[in-house]
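Given next are the chains, with one letter for each unit.
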Amino acid sequence: STAWKDREAHRERTGELIREILESIPGSVAVYYPSYAMLRSIAPLCEVEGRESILQSPGLGDEERAALVGRLREAGCPRILHAVLGGIFAEGIDLPGGVLKGVVVVGPALPPVGLERDLLRKWCDDRYGQGFAYAFLVPGMSKVVQAAGRVVRGPTERGLVALLGRRFGWRDYRALLPKDWEYDLGADPIAQVHR
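Values in this document were obtained by computation on a predicted structure and should not be read as measured data.

Undergrad: What exactly am I supposed to notice about the environment of Phe 89 here?
TA: Locating Phe 89 in the fold gives a position in helix α4 (residues 88-91). Between the alpha carbons of Phe 89 and Leu 68 there is a distance of 9.4 Å; along the sequence they are 21 residues apart. If near-sequence neighbours (up to four positions away) are discounted, Phe 89 is found in contact with Tyr 32, Gln 56, Leu 60, Arg 65, Leu 68, Val 69, Leu 81, Ala 83 and Arg 150.

Shown next as structure tokens:
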């Protein structure tokens, strides 16, 4: 589970699973987390021999961002980009085709609970009867789809998108994934990566 209440208890297993997926995908891969706190907690558990890890940090300037993207584009050693959903490296960059061979999304990036979000949820509940979906689920899953789009940049490219977390298997979450995605909810993700 990648739910906030379960993150610490499932931290080791989540890191182990990400590392196994990274080891199964040749080439550079981006791993996207719902928060910087989760990135800082799990990224150190995902080191893969022979790959450089690049970590996004808050408040990067334009030059620092450009340098990180440049390192990702460099030939040679495959890299692992650890970044946050909704951030510049998940939505705001246009990588040339083939740079990334895979994307791992560690849980949906539901917006944090707060007064503004609660008011929006209540307003949507009153108006449409689906406050949680409009206030939390749609924005969170939109970030997931945006991040997944970093791997396939053209119609002839292929790449792997691994969605980690039980909630991705729930009907309301799956309904917000693109209809043309081929996905499998099997119990052995590493076997699925090798397919």
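Undergrad: Looking at this model, I keep getting lost on the packing of helix α5 (residues 115-128) against helix α6 (residues 131-148). Mind explaining?
TA: Relative orientation and spacing of two packed helices are given, respectively, by the angle between their axes and the distance between those axes. Direction vectors running N to C along α5 and α6 enclose 130°, while the axes themselves pass 5 Å from each other. In terms of axis orientation, α5 runs oblique to α6. Here α5 contributes Arg 117, Asp 118, Leu 120, Arg 121, Cys 124, Asp 125 and Tyr 128 to the contact with α6, which in turn contributes Gly 131, Phe 132, Tyr 134, Ala 135, Phe 136 and Pro 139. Grouping the constituent residues of the contact of α5 with α6 by class yields eight nonpolar, one polar and four charged.

Undergrad: Would you mind showing me how to read α6 here?
TA: Every α-helical turn comprises 3.6 residues, leaving residues that sit three or four positions apart pointing alike. Here α6 spans 25 Å end to end across 18 residues, near enough to the 26 Å set by a 1.5 Å rise per residue. Its maximal kink placed at Leu 137, α6 deviates by approximately 40°, while the proline Pro 139 follows within four residues. For α6, the complete set of buried residues consists of Gly 131, Ala 135, Phe 136, Leu 137, Gly 140, Met 141, Val 144, Ala 147 and Ala 148. Of the surrounding elements, those touching the buried residues of α6 are β1 (28-33), α4, β4 (100-106), α5, β5 (160-164) and α7 (171-174).

Undergrad: Got a minute to help me understand the nonpolar core in this structure?
TA: Side chains of a nonpolar character, in soluble globular proteins, are inclined to be buried together. Counting residues in hydrophobic clusters, the biggest one holds 27 residues, and the most contacted among them are Tyr 32, Leu 81, Phe 89 and Leu 100. At four residues, the largest contribution of residues to this core is made by α6. With sequence-adjacent residues up to four places away left out, Leu 81 is seen in contact with Val 29, Ala 30, Val 31, Tyr 32, Ile 54, Leu 72 and Phe 89. In terms of nonpolar packing, the next biggest core, distinct from the first, is built from 21 residues, Val 31, Tyr 33, Val 48 and Val 84 among them.

Undergrad: Even after reading the chapter, I still don't get the confidence of the model for the protein chain, so can you show me in this structure?
TA: As a general rule, the predicted coordinates of low-pLDDT regions are not to be interpreted in detail. Per-residue confidence for the protein chain gives a mean pLDDT of 84; residues scoring 70 or more make up 92%. Within the protein chain, the lowest mean pLDDT, 68, falls on helix α8 (residues 189-193), and the highest, 93, falls on β1.

Undergrad: Can you help me understand the pairing of β4 in this one?
TA: Across the seven residues of β4, six count as buried, placing the element largely inside the fold. For β1 and β4, the ladder comprises five bridges, and the chain directions are parallel. Paired with Val 29 across the two strands is Gly 102, which belongs to β4. Across five bridges, the pairing between β4 and β5 is parallel. Within β5, the position partnered with Val 106 by the bridge is Leu 164.

Undergrad: I tried to follow the sheet that holds β4 on my own but got confused; where do I start?
TA: Strands pair in a sheet through their backbones, by hydrogen bonds, and they do so in one of two ways: parallel or antiparallel. On the basis of which strands lie adjacent, the open sheet formed by five strands has the order β2-β3-β1-β4-β5 and parallel pairing. Since the sheet does not close on itself, it has two edges, and those belong to β2 (52-55) and β5, each with one partner. If you compare each strand with its neighbour and ignore which way they point, the axes differ by 15° on average. Along the sheet, helix α3 (residues 62-73) makes contact with β2, β3 (79-84) and β4, crossing β2 at roughly 155°. Contacts between α6 and the sheet are confined to β1, β4 and β5, with β4 contributing the most and set at about 165° to the helix.

Undergrad: Where do I start with the pattern of salt bridges in this structure?
TA: When their charged atoms lie close together, side chains carrying opposite charge are able to pair. According to the stated counting rule, one finds nine salt bridges in the structure shown. The shortest N-O distance in the salt bridge between Glu 20 and Arg 13 comes to 4.0 Å. Residue Arg 13 is classed as partly exposed on the basis of its relative accessible area, which comes to 42%. Notably, a salt bridge pairs Arg 71 with Glu 52, separated by 2.2 Å at the nearest N-O pair. Residue Arg 71 is located in helix α3, and its partner Glu 52 is located in strand β2; the two are separated by 19 residues in the primary sequence. A residue is classified by how much of its surface remains accessible, and Glu 52, at 27% relative accessible area, is partly exposed. When salt bridges with common partners are traced through the structure, they connect Arg 13, Glu 16 and Glu 20 into a single cluster.

Parameters at a glance
- Residues numbered from 1 in each chain as written.
- Predicted model: local features only at pLDDT ≥ 70, side-chain atom pairs only at ≥ 80, totals over all residues.
- Heavy atoms only, no water.
- Helix = DSSP H or I, 4+ residues; strand = E, 2+ residues; numbered from the N terminus.
- Contact = heavy atoms within 4.5 Å.
- Axes fitted to C-alpha atoms, helices over the stretch in contact; angles between N-to-C directions.
- Parallel < 35°, antiparallel > 145°, perpendicular 65-115°, else oblique.
- Nonpolar A, V, L, I, M, F, W, Y, C, P; charged D, E, K, R; others polar.
- Expected span 1.5 Å × (residues − 1).
- Bend = angle between axes of the 7 residues up to and from the residue.
- Buried < 20%, exposed > 50% of the residue type's maximum accessible area, 1.4 Å probe, protein only.
- Core = buried A, V, L, I, M, F, W, Y, C linked by side-chain atoms within 4.5 Å.
- pLDDT = per-residue confidence, 0-100.
- Pairing = 2+ DSSP bridges.
- Salt bridge = Lys/Arg side-chain N within 4 Å of Asp/Glu carboxyl O.

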